[in-house]
Amino acid sequence: MKQATIILSRDFTVGPVSDRMFGSFVEHMGSVIYNGIYEPGHPTADADGFRRDVLELVRELNLSVIRYPGGNFTSSYRWEDGVGPKELRPVRPDPAWKQIETNQFGLNEFMKWIRLVGAEPILTVNLGTRGIDAARDLLEYCNFAGGTYWSDMRKSHGVPEPYRVRTWCLGNELDGEWQVARKTAEQYGQLALETAKVMKWLDPDIEVVAVGSSSRQISTFPEWDRIVLEHVYEWADYLSIHHYIGKRENDTPTYLAMPLEMERHIEEAIAACDYVKGLLRSNKVMYLSFDEWNVWREPDVPYTPWQTGSPYDWVRFRMEDVLVFGSAMLTLLRRADRIRIACQSLLVNTIPLILTEKGGKAWRNPTFYPFLHVSRYGRGVVLRGLVDSPRYDTKTYTDVPVVDPAAVWNPEMEELSVFAVNRGEEPVVLALDLRDFPQLSFLEHHVVKHERLDAFNTAERPDEIAPRRGAGARVDGGRAEAVLDPYSWNVVRFRTRRA
Ligand code: AHR
């Protein structure tokens, strides 16, 4: 059997994993909100119209942050439409997704819902059609205690205490021609700077995310990032990065290798940040907010425009998507030194972790499981592994490691979790040299696999793809061996000190 080896030492670390690496994103898009997390009249809806079946699944994921309300939606959104008495809220056409926005779900509903989830909000302000005034009003509404126009308005809306929202995105993907009120890098850099200044003058405790390039493919990458950062470097806390992986060729080995492009994208975005750091002779390190990432495929349900809650990009992920999604998560972990925020996009419906039917069931898309595993076992310190894996070539990529791993050690719990995707059609022995952990013992081995790479979960067969127990690992002093099944996602866990 082929073998991949990894040497791991407690002294060679990438760094601690930020708690906010385990985030997601909900946008007013298709059926993410309406008929997703919010559906008054659904058999499981609570008094606020929140679907309890969805909430239960969301809670399982132990999300740290959730970004809201968009996305492209934000660039023409008037946040004031979504607060106050529901019967007075305007119904408007949303040009971003060609849908009817009823505004029955807005800021205060989101804040109520996210409290039930137990996560922290990240809010995006509209720097498309709007600007500094709308952003500062929203900040005042959210974070001022009272005694001002918008904070008293919040109180009159039944929210006596300020939300004290910490993290604010200064717009969304404003480099893209699909964006309402796209900007040039110069225009955006200037606007982001002035908005950041005013927002931080109003509330010095906040942190802000400047919009980086919307993708690696866009022709203005990484020039956009350089120009924007030259304006806003000393005021911004993060640069955003977005990356979606879609199967471009009908070739699974190529698809499975695509997270390598995501790795390159991260390196290039970091290089842009560090270039500007040098240019400005700054001492400040710019961190990345990976506030949209996911895999993507052609939707399973056609979209009907100008509806409310019509499924958009509604995708049942296949087993091969699980592997790519898992690799993408491990790619993020391996750059935990520079990525401080990450939001899987989107949480419910579209390209989600959770799928729903209007009036019907909610179930887990199979990408739910790698996310769950990393959120559950990936908190600690990422170890810098010395990896030697068998490799393969495709038409597009050469030298692709068959085994894609990441390791997180939790020193308080004395637990080590090794995550690994086997991209190959044959089993591989994963041989771990854990020389600093001589008292190692095996804890558990979780596997997600399916004999068909095109398998998926449905409302009727929600557990077609689900984690199962793996064959385990053989431990001998500071060495361990586990078998990774063909085309599988694995978590092999150890205790690093004898109980
Ligand atoms: O699918 C979500 C959308 O993708 C977001 O609105 C946008 O930011 C990105 O292009």
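Residues numbered from 1 in each chain as written. Predicted model: local features only at pLDDT ≥ 70, side-chain atom pairs only at ≥ 80, totals over all residues. Heavy atoms only, no water.

## Side note on the sheet that holds strand S21 (residues 428-433)
At step 1: Strand order in the open sheet formed by five strands is S16-S1-S21-S25-S24, with mixed pairing between adjacent strands. At either end of the open sheet lies a strand with only one pairing partner, and these are strand S16 (386-388) and strand S24 (473-476). In this sheet, neighbouring strand axes are inclined to one another by 15 degrees on average, regardless of whether the strands run parallel or antiparallel.
At step 2: Taken together, the three bridges between strand S1 (residues 2-7) and S16 define a ladder with antiparallel strand orientation. The residue of S16 that forms the bridge with Ile 6 is Val 387. (Pairing = 2+ DSSP bridges. Helix = DSSP H or I, 4+ residues; strand = E, 2+ residues; numbered from the N terminus. Axes fitted to C-alpha atoms, helices over the stretch in contact; angles between N-to-C directions.)

## Quick notes on unusual backbone geometry
The general pattern is negative phi for most residues beyond glycine and trans for most peptide bonds.
At step 1: Here the amide bond leading from Gly 70 into Gly 71 is cis, since omega sits at 10 degrees, within 30 degrees of zero.
At step 2: Here Gly 71 lies in the loop between strand S4 (65-68) and strand S5 (92-94).
At step 3: Residue Pro 222 is reached from Phe 221 by a cis peptide bond, and omega for that bond is 0 degrees.
At step 4: Even without being glycine, Lys 98 reaches a positive phi, approximately 50 degrees.
At step 5: Exposure remark for Lys 98: the relative accessible area of 42% places this residue in the partly exposed category.
At step 6: Even without glycine at this site, Tyr 487 takes up a positive phi of about 40 degrees.
At step 7: Inspection of the secondary structure assignment puts Tyr 487 in the loop between strand S25 (479-484) and strand S26 (488-495). (Buried < 20%, exposed > 50% of the residue type's maximum accessible area, 1.4 Å probe, protein only.)

## Concerning the domain arrangement of the protein
At step 1: Parsing the protein into structural domains produces domain 1 (2-10 + 383-495) and domain 2 (18-377).
At step 2: Between the C-alpha centres of domain 1 and domain 2 there is a distance of 30 Å.
At step 3: The contact between domain 1 and domain 2 buries some 3,100 Å² in all, and 66% of this surface belongs to carbon and sulfur atoms.
At step 4: It is Tyr 397, Leu 453 and Trp 489 in domain 1 that bury the most area against domain 2; as a group they hold 21% of the surface buried on that side. (Domains from an automatic or database assignment. Buried area = accessible area lost by both parts, 1.4 Å probe.)

## Focus on the nonpolar core
At step 1: With 160 residues, the main nonpolar core has Ile 66, Phe 110, Trp 113, Trp 168, Tyr 188, Trp 293 and Leu 347 as its most contacted residues.
At step 2: A total of 10 residues in this core trace back to one element, the largest contributor, which is helix H9 (residues 319-334).
At step 3: For this core, the domains that each give at least three residues are domain 1 (2-10 + 383-495) and domain 2 (18-377).
At step 4: Every residue in contact with Ile 66, bar those within four places of it in the chain, is listed here: Ser 24, Phe 25, Val 26, Phe 110, Trp 113, Ile 114, Val 117, Ala 119, Glu 120, Pro 121, Ile 122 and Leu 347. (Core = buried A, V, L, I, M, F, W, Y, C linked by side-chain atoms within 4.5 Å. Contact = heavy atoms within 4.5 Å.)

## Quick notes on the site of the ligand
At step 1: Every residue close to the ligand is listed here: Glu 27, Met 29, Gly 71, Asn 72, Trp 97, Asn 172, Glu 173, Tyr 244, Glu 292 and Leu 346.
At step 2: Contact between the ligand and Asn 172: an oxygen atom at 3.0 Å from a side-chain N or O atom of the residue.
At step 3: A distance of 2.7 Å separates an oxygen atom of the ligand from a polar side-chain atom of Glu 292.
At step 4: Expressed as a share of its isolated accessible area of 280 Å², the protein-covered part of the ligand is 88%. (Near = heavy atom within 4 Å. Polar contact = N/O pair within 3.5 Å; in protein donor to acceptor, adjacent residues only side chain to side chain. Areas by Shrake-Rupley, 256 points an atom, 1.4 Å probe, with all protein chains shown as cover.)

## What about the confidence of the model for the protein?
At step 1: Across the protein, the average pLDDT comes to 97, with 100% of residues at 70 or higher.
At step 2: When mean pLDDT is compared element by element in the protein, strand S8 (residues 167-169) scores highest at 99, while S24 scores lowest at 96. (pLDDT = per-residue confidence, 0-100.)

## Examining a nonpolar patch on the surface
At step 1: Taken together, Tyr 275, Leu 279 and Leu 280 make up a surface patch of nonpolar side chains, about 260 Å² in accessible area.
At step 2: Structurally, the position occupied by Leu 280 is in the loop between helix H8 (259-279) and strand S11 (287-296).
At step 3: The class of Leu 280 is partly exposed, set by a relative accessible area of 34%. (Patch = residues over 30% accessible without salt bridge, like charges linked within 9 Å, V, L, I, M, F, W, Y side chains within 5 Å. Salt bridge = Lys/Arg side-chain N within 4 Å of Asp/Glu carboxyl O.)

## A short note on the environment of Gln 344
At step 1: Structurally, the position occupied by Gln 344 is in strand S12 (residues 339-345).
At step 2: Taking the C-alpha atoms as reference points, Gln 344 and Arg 379, separated by 35 residues in sequence, lie 17 Å from one another.
At step 3: Not counting residues within four places of it along the chain, the set of residues in contact with Gln 344 comprises Gly 23, Ser 24, Phe 25, Trp 293, Asn 294, Phe 325, Ile 351, Pro 352, Leu 353 and Phe 371.

## Examining empty space enclosed by the protein
At step 1: Under the criterion given, the structure shown has three cavities of 30 Å³ or more.
At step 2: Lining the largest cavity are 15 residues, with Tyr 77, Trp 79, Thr 124, Val 125 and Leu 138 sitting closest to its centre.
At step 3: Looking at the lining of the largest cavity, the elements that each hand over two or more residues are strand S7 (120-124) and helix H3 (132-143).
At step 4: Top element by residues in the lining of the largest cavity is H3. It accounts for three residues. (1 Å grid on protein atoms, 1.4 Å probe; cavity = no way out; pocket = protein on both sides within 12 Å on 5 of 7 lines; lining within 4 Å. Points joined across faces, edges and corners; volume = space filled by probe spheres on them.)

## Comments concerning the pattern of salt bridges
At step 1: Under the definition given, this model contains 42 salt bridges.
At step 2: For Arg 297, the salt bridge is made with Glu 320, and the minimal N-O distance between the two is 3.0 Å. Of this pair, Arg 297 sits in the loop between S11 and H9 while Glu 320 is found in helix H9, placing the two residues 23 residues apart along the sequence. Each member of the pair Arg 297 and Glu 320 is classed as buried.
At step 3: Here Asp 433 ties to Arg 435 by a salt bridge, and the two come within 2.6 Å at their closest N and O atoms.
At step 4: With a relative accessible area of 9%, Asp 433 lands in the buried category.
At step 5: Salt bridges sharing common partners tie together Arg 20, Glu 120, Arg 166 and Glu 207.

## Looking at the pairing of S4
At step 1: Going residue by residue along S4, you find Val 65 and Arg 67 tucked away on one face and Ile 66 and Tyr 68 tucked away on the opposite face as well.
At step 2: Here strand S3 (residues 23-25) runs beside S4; their pairing, made up of two bridges, is parallel. Residue pairing for S4: Phe 25 is matched across the bridge by Arg 67.
At step 3: For the crossover that starts at S3, traverses helix H1 (residues 52-60) and ends in the parallel S4, the hand is right-handed.
At step 4: With four bridges joining them, S4 and S7 adopt parallel strand pairing. In the strand pairing of S7, Ile 66 is matched with Pro 121. (Right-handed = clockwise from strand over helix to strand, strands pointing away.)

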